[in-house]
Amino acid sequence: MRRMIAGNWKMNGALGGVAAYAAALQAAPRRVDLAVFPPFPLLAPFAAALAGSAIAVGAQDCHAAPSGAHTGDVAASLIAECGARYVILGHSERRENHGETNADVAAKVATALAAGLVPIVCVGETESQRDAGEAEDVVRTQLRHSLPEIFSGLLAYEPVWAIGTGRTPTEAEVTAMHAAIRAELRIIFPAGGAAIPILYGGSVKPANAAALLALPEVGGALVGGASLNAADFLAIAAAAPQD
Ligand code: PEP
């Protein structure tokens, strides 16, 4: 299985850092699919800097409408025109800070697909939901309502309490959740649900990447903080198993 290693820069980065970061990424192992998700103004510069390489660029969000009077938002078609291949949708910071619902996410996914982008759809429970024993139910509900009827792309399991905290679920918890997600995807999409890659995200670092990436049904990593440093991001990519 080829692992996808995706670096979510969130609201970080600067124009002046693109060339050096893109050059550093050229040392990434060929056995992984690597993609960087910078803020919108850096999409086109990154796409230019990475042109001709196998490393892809993606956006962190798009609007659900194809175009129109949506001040401050960005259309999926423009993201694609800027050279992006992927878009992260339904990240917990979007759900929490911008009130995005599962239905909003599903609409964005459909629009992204229509624009030719590959969505990475995020799901994950809060700490109180996990403590209450509701984690799998919460994630199953998110899956059922955050994906349009026709879907292709990737999923990312990101427990909200693990994002940016330095805490991660146990290997058994990741394995159980990824199995639950796979089972649900098979039900929702009988034809293609078995093949949708499921990334893990939440405090992935060089030190824990090998263990997380070797778990069953972990098809890669969505990396936040550690992706800001090219050496750390590359070390995570290098930790992907050879199989
Ligand atoms: C993320 O925001 O998607 C994420 C996983 O962040 P971090 O790696 O910093 O926990």
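Residues numbered from 1 in each chain as written. Predicted model: local features only at pLDDT ≥ 70, side-chain atom pairs only at ≥ 80, totals over all residues. Heavy atoms only, no water.

Caption draft 1: Fine view of helix H8 (residues 171-188). The end-to-end C-alpha distance of H8 is 26 Å, a good match for the 26 Å that 18 residues give at a rise of 1.5 Å each. Listed as buried for H8 are Val174, Met177, His178, Ala180, Ile181, Arg182, Glu184 and Leu185. (Helix = DSSP H or I, 4+ residues; strand = E, 2+ residues; numbered from the N terminus. Expected span 1.5 Å × (residues − 1). Buried < 20%, exposed > 50% of the residue type's maximum accessible area, 1.4 Å probe, protein only.)

Caption draft 2: Molecular detail of the nonpolar core. Ranked by size, the top nonpolar core spans 64 residues in total, and within it Ile5, Leu34, Phe46, Leu155, Ile181 and Leu185 carry the most contacts. Ranked by the residues each element gives to this core, the list is headed by helix H10 (residues 230-238), at five residues. With 14 residues, the next largest nonpolar core counts Phe37, Ile88, Leu154 and Leu199 among its residues. (Core = buried A, V, L, I, M, F, W, Y, C linked by side-chain atoms within 4.5 Å.)

Caption draft 3: Molecular detail of the packing of helix H5 (residues 102-114) against helix H7 (residues 135-146). H7 packs onto H5 with a crossing angle of 45° between their chain directions and a minimal axis gap of 8 Å. Considered as vectors, H5 and H7 are oriented oblique to each other. With respect to the hand of their crossing, H5 and H7 are arranged in right-handed fashion. Contacts from Asn102, Ala103, Val105, Ala106 and Val109 in H5 reach Thr141, Gln142, His145 and Ser146 in H7. Classifying every residue of the contact of H5 with H7 gives four nonpolar, five polar and no charged. (Axes fitted to C-alpha atoms, helices over the stretch in contact; angles between N-to-C directions. Parallel < 35°, antiparallel > 145°, perpendicular 65-115°, else oblique. Left-handed = near helix turned anticlockwise from the far one by under 90°. Contact = heavy atoms within 4.5 Å. Nonpolar A, V, L, I, M, F, W, Y, C, P; charged D, E, K, R; others polar.)

That is the geometry; function is a separate question.
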